[in-house]
Amino acid sequence: MTRIIADISISLDGFVTGPDPGPDSGLGTGGEALHTWAFSDDPDDRRVPREATVRSGAVVLGRRLFDLVDGPNGWDDTSGYGAGEVGKPSFVVVKSSPPESVRLTDLDWTFATTGLPDAVTAARERAEAASSDSGKDLDVVLMGGGATIGSALDAGPVEALTLHLAPVVLGAGTPLFTGGVPRTLVQRSVTSTSTT
């Protein structure tokens, strides 16, 4: 069965970027420390993205995150979701209008122009199709940014929340939790990450 999983790195004080994130510094000042684990040579740290990629049938991301990953300093063959892993999922972007062009043409992009609920529906359809093709259950992963995951948590489609708890205090930035309605998720997991 396809699950909706929110998966994001977070600081000890609850931020998913440092202060002043922007086009040239997507993670803000000091925010790169949130993802040190993802580029580590540690076998336990490497296992986390490998297993996440294997279970991903589709990935949802917000407009600002898409603008960063598809921008000139964004993803390439050595970085990005599933880089260095076998296969890549479909990507569904919550964006009011599709871009005129996409730099990362080797990835499967869909643009949900009518909001997050439709993006999740489109991603679920792609994940279920990929599940049928592969013969195994694949999930929809909401990778961010923080506003997209926060909205999904408030709206209710998130069934599992995976937090990569980075051992850093940023002091400011983009908070993941800004209020909302208390609720219990089907599955809860926290992954503590190293800074090696």
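Our structure is the block above this text.
Residues numbered from 1 in each chain as written. Predicted model: local features only at pLDDT ≥ 70, side-chain atom pairs only at ≥ 80, totals over all residues. Heavy atoms only, no water.

Enquirer: Tell me what's going on with the overall build of the chain, and back it up with residues and numbers.
Expert: A tally of regular secondary structure across the chain gives 4 helices and 9 strands. Tracing the chain from N to C terminus, the helices and strands come up as β-β-α-β-α-β-β-α-β-α-β-β-β. Out of the 196 residues in the chain, the part that is buried amounts to 44%. Sequence separation of 24 or more characterises 76% of the internal contacts of the chain that already satisfy a separation of 6 or more. When the accessible area of the chain is evaluated, it comes to approximately 10000 Å², of which 53% is carbon and sulfur surface. (Helix = DSSP H or I, 4+ residues; strand = E, 2+ residues; numbered from the N terminus. Buried < 20%, exposed > 50% of the residue type's maximum accessible area, 1.4 Å probe, protein only. Contact = heavy atoms within 4.5 Å. Areas by Shrake-Rupley, 256 points an atom, 1.4 Å probe, with all protein chains shown as cover.)

Enquirer: Give me the lowdown on unusual backbone geometry, citing residues and values where you can.
Expert: Of the consecutive residues Gly144 and Gly145, the connecting peptide bond is found in the cis state with omega at 0°. Mapped onto the elements of the fold, Gly145 is located in the loop between strand E6 (139-144) and helix H4 (146-155). Residues other than glycine seldom take positive phi values, yet Asp20 does so here, at roughly 60°. For Asp20, the location among the structural elements is in the loop between strand E2 (15-17) and helix H1 (43-54). Residue classification places Asp20 among the exposed positions, given a relative accessible area of 65%.

Enquirer: Outline the environment of Ser97, listing residues and values.
Expert: Assignment of secondary structure puts Ser97 in the loop between strand E4 (90-94) and strand E5 (109-112). Between the C-alpha atom of Ser97 and that of Thr114, which follows or precedes it by 17 residues, the distance is 8.8 Å.

Enquirer: An account of the pairing of strand E3 (residues 56-62) is needed here, citing residue identities and associated values.
Expert: Burial of E3 is extensive: 7 of the 7 residues sit out of reach of the surface. Taken together, the 5 bridges between E3 and E6 define a ladder with parallel strand orientation. By the bridge assignment for E6, Leu61 is matched with Gly144. Pairing between E3 and E4: 5 bridges, direction parallel. Each bridged residue has a counterpart across the sheet, and for Val59 the counterpart in E4 is Phe91. (Pairing = 2+ DSSP bridges.)

Enquirer: If you had to explain the environment of Leu116 to someone new, which residues and values would you point to?
Expert: Among the secondary structure elements, Leu116 is positioned in helix H3 (residues 116-134). For Leu116, a relative accessible area of 14% gives the class buried. Separated by 33 residues in sequence, Leu116 and Ile149 have C-alpha atoms that sit 9.8 Å apart.

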